[in-house]
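# Working through the structure, step by step
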Amino acid sequence: MLNPNPDKMKGKPEPVDVHVGRRIRMRRIWMQVTLTALADAIGVTFQQVQKYEKGTNRVGASRLQQIADALVAPVSYFFEDMPGAAPVGGDNRSGQKKLQPEIIEFASSDVGLALIRAFSQITDKRVRDRILGRVKALAKQDPA
């Protein structure tokens, strides 16, 4: 019989729920789908979608499938790059590095998504390189 985890804090979302919620938000914003549109597509209120995105409420398997269908993504997308998770198959055969949590958090923010979207529309490699150089220079000057 499984025993409850005594270290579990009441009311605090589990890290996996927070991660899945961030990935839902990131995909929703990337696909330019509003909270209301996603809520309508899966048959819940927009407040419920907000709770899913914050990790406050867990997303059940069937609901996650509905979200994946509405956002045109495989269910596995929502678990990708989860901190502390072992790679599928026990090793990282793809040779790809796992993204750091702060990168995922930035990429799922409004500013991060807007920056990624705008930068990805720049096709001239020289322009991209100049922008990257300026961003790095600004980062070095930032006192924070």
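Located above this text is the structure these notes cover.
Bear in mind the structure is a predicted one, so any value in this text is a computation, not a measurement. (Residues numbered from 1 in each chain as written. Predicted model: local features only at pLDDT ≥ 70, side-chain atom pairs only at ≥ 80, totals over all residues. Heavy atoms only, no water.)

At their nearest, the axes of helix H2 (residues 35–42) and helix H3 (residues 46–54) sit 8 Å apart, and the two run at 100° to each other. Taken together, the axis directions place H2 and H3 in an arrangement best described as roughly perpendicular. Listed contacts from H3 to Leu35, Thr36, Leu38, Ala39 and Ile42 of H2 are Phe46, Val49, Gln50, Tyr52 and Glu53. Tallied by class, residues from the contact of H2 with H3 come to 7 nonpolar, 2 polar and 1 charged. (Axes fitted to C-alpha atoms, helices over the stretch in contact; angles between N-to-C directions. Helix = DSSP H or I, 4+ residues; strand = E, 2+ residues; numbered from the N terminus. Parallel < 35°, antiparallel > 145°, perpendicular 65-115°, else oblique. Contact = heavy atoms within 4.5 Å. Nonpolar A, V, L, I, M, F, W, Y, C, P; charged D, E, K, R; others polar.)

Below, the discussion takes up the packing of aromatic side chains. For the coordinates displayed, the defined rule picks out 1 aromatic pair. When the ring centre of Tyr77 is taken as origin, the NZ or CZ atom of Arg27, which lies over that ring, is 5.6 Å away. Over the ring of Trp30 we find Arg117; its NZ or CZ atom is 4.9 Å from the centre of that ring. (Phe/Tyr/Trp six-rings, centres within 6.5 Å; stacked < 30°, edge-to-face > 60°. Lys NZ or Arg CZ within 6 Å of the ring centre and 35° of its normal.)

Right, let's get into the pattern of salt bridges. Proximity of charged atoms lets side chains of opposite charge pair with each other. Inspection of the entire model under this criterion finds 7 salt bridges. The closest approach of N and O atoms between Arg23 and Glu80, which form a salt bridge, is 3.1 Å. Pair noted here: Arg23 is in helix H1 (residues 15–30) and Glu80 is in the loop between helix H4 (61–70) and helix H5 (101–107), with a separation of 57 residues, a long-range link. Under the relative-accessibility criterion, Glu80 is labelled partly exposed at 36%. Through salt bridges with shared partners, a single ionic network connects Arg23, Glu80 and Asp81. (Salt bridge = Lys/Arg side-chain N within 4 Å of Asp/Glu carboxyl O. Buried < 20%, exposed > 50% of the residue type's maximum accessible area, 1.4 Å probe, protein only.)

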